[in-house]
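Residue-level structure breakdown
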Amino acid sequence: VVPITSLRVDGGLTNDATLLQAQADALGLPLAVGGADLTVLGAAMLAGVGAGVFASVEEAARLLPEARLVQPTVDPAERSRYRDRWRAFVQDSARL
């Protein structure tokens, strides 16, 4: 088992600060936010590796912009209460 210490996220929804904070708080993990266009940039850089523009994936990855961090702000007890409420909501919804 490998402990998860952070989550990398990218794509258009990274423009929504409220969503990012909600994810960090729900998971209790920091989010390394790459940005809205990082997915397509990564694909382009992999194509560059294949075309010989970059010598390796590692070389291309070193050129990617540094991720910004979104830290969780909710304490573990509160996070547990939120999860319990969410589970109850899902169970109740399934009976509809």
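Described in the following lines is the structure provided in the data block. (Residues numbered from 1 in each chain as written. Predicted model: local features only at pLDDT ≥ 70, side-chain atom pairs only at ≥ 80, totals over all residues. Heavy atoms only, no water.)

Observations regarding a nonpolar patch on the surface
To keep it simple, the criterion reads: Each patch is assembled from residues with relative accessible area greater than 30% and no salt bridge, linking like charges that lie within 9 Å and nonpolar side chains (Val, Leu, Ile, Met, Phe, Trp, Tyr) that lie within 5 Å. Only the protein chains shown count as cover for residues, and the accessible areas themselves come from Shrake-Rupley with a 1.4 Å probe. A carboxyl oxygen of Asp or Glu within 4 Å of a side-chain nitrogen of Lys or Arg is what we treat as a salt bridge. Runs of E in the DSSP output that reach at least two residues are strands. Runs of H or I that reach at least four are helices, and both are numbered from the N terminus.
A contiguous nonpolar surface patch, about 340 Å² in accessible area, is contributed by Trp86, Phe89 and Val90. Along the chain, Val90 turns up in helix α4 (residues 76-94).

What to know about the pattern of salt bridges
When the charged atoms of two side chains with opposite charge come close together, those side chains can pair. Formally: Three exposure classes are used, based on accessible area relative to the maximum for each residue type with a 1.4 Å probe and protein chains only: buried under 20%, partly exposed in between, and exposed over 50%.
Throughout the structure, instances matching the rule amount to 2 salt bridges. Across the pair Asp84 and Arg87 runs a salt bridge whose closest N-O atoms are separated by 3.6 Å. Taken as a pair, Asp84 and Arg87 lie in helix α4 at a separation of 3 residues, close to a single helical turn. We note a salt bridge from Arg95 to Asp92, for which the minimum N-O separation is 2.3 Å. Assessed through its relative accessible area of 42%, Asp92 is described here as partly exposed.

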